[in-house]
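Secondary and tertiary structure notes
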Amino acid sequence: MSQPPFPPAFANPTDALLGRRRGQPCEPLLLTELNPHSVVDHAAAHNTVIELQSFGTVREPCPKCHTNRLNLILRQDTVRTAHLFCADCRSCYDAHYAGGAPALTI
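Computed from a predicted model, the values in this text were never measured in an experiment.

Topic: the environment of Thr78
Turning to its location among the elements, Thr78 is positioned in the loop between strand S3 (69-73) and strand S4 (83-85). Taking the C-alpha atoms as reference points, Thr78 and Asp41, 37 residues apart in sequence, are found 5.1 Å from one another.

This is the structure in structure tokens:
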């Protein structure tokens, strides 16, 4: 008789409150809204399209519009600071843990 690799309570990897690595509850992230002009270099022309590469979504929904999960945007060509981004309302957020430790640093 074989057993599943994870206990039934942790078998669903989409559960936002469960950690994937250790099977322990995840600490919620505290989000602070950022000025988009401070994290992304904008072109002089306002109609210029800025391409941002997303590195996936996180479990937190956008605190402003509550419609989408936030996308992780790491530093790249025009991005000064790693941040979380909502594609619907175009808001940018910094994330940290309750103890004050930054969540977006490697």
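Quick notes on the pattern of salt bridges
Applying the stated criterion across every chain, the model contains two salt bridges. Glu33 is the partner of Lys64 in a salt bridge, and the nearest nitrogen-oxygen pair spans 2.7 Å. Pair noted here: Lys64 is in the loop between strand S2 (54-61) and S3 and Glu33 is in strand S1 (residues 30-34), with a separation of 31 residues, a long-range link. Its relative accessible area of 47% is what places Lys64 among the partly exposed residues. Residue Glu33 is classed as partly exposed on the basis of its relative accessible area, which comes to 43%. The residue Arg59 makes a salt bridge to Glu60 at a minimum N-O spacing of 3.1 Å. A residue is classified by how much of its surface remains accessible, and Glu60, at 9% relative accessible area, is buried.

Analysis parameters
Residues numbered from 1 in each chain as written. Predicted model: local features only at pLDDT ≥ 70, side-chain atom pairs only at ≥ 80, totals over all residues. Heavy atoms only, no water. Helix = DSSP H or I, 4+ residues; strand = E, 2+ residues; numbered from the N terminus. Salt bridge = Lys/Arg side-chain N within 4 Å of Asp/Glu carboxyl O. Buried < 20%, exposed > 50% of the residue type's maximum accessible area, 1.4 Å probe, protein only.

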